[in-house]
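Letter by letter, the chains look like this.
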Amino acid sequence: MCHNKTLWIITELFPPDETSTAFILGEIANVMARKYDVKVICGPAIYDKRKRIDPNNKFVLDPQISVIHVKGVDLDKNTFFGKAVRFAVISRQLYAIAKKNIKEGDKVLLVTNPAPVVAMISRQRKKRIFELNILVHDVFPENTKPAGLKLPSWAYQFLKNLFDKAYNRADQLIALGRDMKQVLEQKVARFENNPKVTIIENWADLDIVSPVDIPLHPNKFVLEYAGNIGRVQGLQELIENLKESSNNNLEFHLWGTGAEENRLKDYTQSYKMSNVVFHGAYLRSRQSEVINSCDMALVTLTEGMFGLGVPSKTYNIMAAGKAVLYIGEPDSEIGLLVKEKQIGVVFRPDDKEGIVKFLASLSKDKQPEFAEMGKRARHVAETEYAKDVILNKFVEVI
């Protein structure tokens, strides 16, 4: 099928890579191919060559979609130097292809990762008239503060001004939640002719993840974290609170890898915390099994992350019918969702006393209460966050 209009999707991560961002963008590309001639400019086929490829990955890209991969540079993303060089190189490469190919009258869906490409493409928007939609997964440079990256105040202010202008040149900003919408509206408020800010949440993979009865330890309450073990997740604080709770009935299982993994392992070993278990990386096709291997699932964002990110893992936790322990800003998208739908428990990151008390209270006796929350979570996932429901929002607004 041939369409008159071309939609360019610009993203570092795209299938066959198996990160969650790549998967999300692949699904968006497929659904937009019904309406446009979709062309993708993206990073290398595999983001992290150290990870195993999933032989059971069933994602299929619409054959009508053309994909241009740039080479990037193979440096360790878990080091600051590696990440910074990767960002600079790949942004320049993505921009060079975009500048050469995007025509007047085309539409662009640009993802905010890597950050520099946002400033580059928005500048090009001044010279060539195309419709620019920015899908905001990360808000830069605001997200550098909670990540512990201490920029000199003049550098932070320079970058903030640069990126505020870049965001304001868009026709539409797509936010992942209500808190992010608020932050983006503040980001562009000082300019005239602000872009429209639309909320499109992530979705639950209901066809991949569903409630499965997996035998768990008969006497231990299992709390689980599955995902990136990074700097903005606040997992160090959680493990410290777990140690203080002295709850022998509670096990904390971590699935995934990331920049903080070795530090957390060192900490748990130094305090001989046998109730903290590290499982390492897991394949996407094992998501249902992994998420179901617990009594309650943890979603956490460190202090200062209000409006700067929305953990997509929440929606698959709901798909698995699991209650959510959310440690983050209560008025963030996930905090509001958990409270409004009564699908879990919410704590502020700085409520150390409340978190320790809650962790100390967890035992198998509490499991039926959380199972009821999990049933509600699955129902909400099916009715409000199904893939078709969310993807149709992209078709409607772009």
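In what follows, the structure referred to is the one given above.
Residues numbered from 1 in each chain as written. Predicted model: local features only at pLDDT ≥ 70, side-chain atom pairs only at ≥ 80, totals over all residues. Heavy atoms only, no water.

Let's talk about the packing of helix α3 (residues 116-127) against helix α4 (residues 153-168)
Axis angle and axis distance: for two packed helices, these are the angle between their axes and the distance between the axes, and together they describe the pair.
Thinking step 1. Running from amino to carboxyl end, α3 crosses α4 at an angle of 55°, the nearest separation of the two axes being 9 Å. Our classification of the angle between α3 and α4 gives oblique. Remark: the crossing between α3 and α4 carries left-handed chirality. In contact with Pro-116, Val-118, Ala-119 and Ser-122 of α3, α4 contributes Leu-162, Phe-163, Ala-166 and Tyr-167. (Axes fitted to C-alpha atoms, helices over the stretch in contact; angles between N-to-C directions. Helix = DSSP H or I, 4+ residues; strand = E, 2+ residues; numbered from the N terminus. Parallel < 35°, antiparallel > 145°, perpendicular 65-115°, else oblique. Left-handed = near helix turned anticlockwise from the far one by under 90°. Contact = heavy atoms within 4.5 Å.)

Here we look at the pattern of salt bridges
Side chains that carry opposite charge are capable of pairing whenever their charged atoms lie near each other.
Thinking step 1. Summed over the entire model, instances satisfying the criterion amount to 24 salt bridges.
Thinking step 2. A salt bridge links Glu-260 to Arg-263, with the nearest nitrogen and oxygen atoms 2.5 Å apart.
Thinking step 3. On the accessibility criterion, Glu-260 (14% relative accessible area) is buried.
Thinking step 4. According to the relative accessible area criterion, Arg-263 is partly exposed, its value standing at 45%. (Salt bridge = Lys/Arg side-chain N within 4 Å of Asp/Glu carboxyl O. Buried < 20%, exposed > 50% of the residue type's maximum accessible area, 1.4 Å probe, protein only.)

A short note on the packing of aromatic side chains
Thinking step 1. On inspection of all chains with the given rule, the structure shows 8 aromatic pairs.
Thinking step 2. For the pair Phe-221 and Phe-370, a centre-to-centre distance of 5.8 Å together with 70° between the ring planes defines the contact as edge-to-face. Here Phe-221 is found in strand β8 (residues 221-226), whereas its partner Phe-370 is found in helix α12 (residues 367-384), with 149 residues between them in sequence. Pair check on accessibility: Phe-221 and Phe-370 agree, each one buried.
Thinking step 3. Considering the side-chain rings of Phe-347 and Phe-358, the 5.4 Å spacing of their centres and the 50° angle between planes classify their relative orientation as tilted. Taken together, the residues span a long stretch of sequence, with Phe-347 in strand β13 (residues 344-347) and Phe-358 in helix α11 (residues 352-361) at a distance of 11 residues. (Phe/Tyr/Trp six-rings, centres within 6.5 Å; stacked < 30°, edge-to-face > 60°.)

Side note on the pairing of strand β4 (residues 107-111)
Thinking step 1. Among the 5 residues that make up β4, 5 are buried, leaving the element largely enclosed by the rest of the structure.
Thinking step 2. Side chains Lys-107, Leu-109 and Val-111 project from β4 onto one buried face, and the interleaved Val-108 and Leu-110 project onto a second face that is buried too.
Thinking step 3. In this sheet, β4 lies alongside strand β1 (residues 6-11) in parallel orientation, the contact comprising 4 bridges. Looking at β4, one finds that Trp-8 is bridged to Val-108. (Pairing = 2+ DSSP bridges.)

Thoughts on unusual backbone geometry
Thinking step 1. Of the consecutive residues Asn-113 and Pro-114, the connecting peptide bond is found in the cis state with omega at 5°.
Thinking step 2. Topologically, Pro-114 is positioned in the loop between β4 and α3.
Thinking step 3. In this model, Phe-140 is joined to Pro-141 through a cis peptide bond whose omega is 5°.
Thinking step 4. As for its position among the elements, Pro-141 is in the loop between β5 (131-135) and α4.
Thinking step 5. Its identity as a non-glycine residue notwithstanding, Gln-342 has a phi of 55°, on the positive side.

As for the sheet that holds strand β3 (residues 66-69)
Thinking step 1. Within the open sheet, the 7 strands sit side by side as β3-β2-β1-β4-β5-β6-β7. Their pairing is parallel. With one partner strand each, in any of the chains shown, β3 and β7 (196-199) form the two edges of the open sheet. Taking the axes of each pair of neighbouring strands and ignoring which way they run, one obtains an average angle of 20° across the sheet.

Re a positive patch on the surface
Thinking step 1. Together, Arg-92, Lys-99, Arg-123, Lys-126, Lys-127 and Lys-165 line one region of the surface with positive charge.
Thinking step 2. Among the secondary structure elements, those contributing two or more residues to the positive patch are α2 (80-101) and α3.
Thinking step 3. Looking at which element gives the most residues to the positive patch, the answer is α3, with 3 residues.
Thinking step 4. Mapping Lys-126 onto the fold places it in helix α3.
Thinking step 5. For Lys-126, a relative accessible area of 56% puts it in the exposed group. (Patch = residues over 30% accessible without salt bridge, like charges linked within 9 Å, V, L, I, M, F, W, Y side chains within 5 Å. Areas by Shrake-Rupley, 256 points an atom, 1.4 Å probe, with all protein chains shown as cover. Lys, Arg positive; Asp, Glu negative; His and termini not counted. Charge placed at Lys NZ, Arg CZ, Asp CG, Glu CD.)

Observations regarding empty space enclosed by the protein
Thinking step 1. Considering all chains together, one arrives at 4 cavities of 30 Å³ or more under this definition.
Thinking step 2. Considered as a void within the structure, the largest cavity measures approximately 50 Å³ in volume.
Thinking step 3. Lining the largest cavity are Pro-15, Asp-17, Glu-18, Thr-19, Phe-23, Asn-57, Phe-59 and Arg-284.
Thinking step 4. Its residues assigned to classes, the lining of the largest cavity shows 3 nonpolar, 2 polar and 3 charged. (1 Å grid on protein atoms, 1.4 Å probe; cavity = no way out; pocket = protein on both sides within 12 Å on 5 of 7 lines; lining within 4 Å. Points joined across faces, edges and corners; volume = space filled by probe spheres on them. Nonpolar A, V, L, I, M, F, W, Y, C, P; charged D, E, K, R; others polar.)

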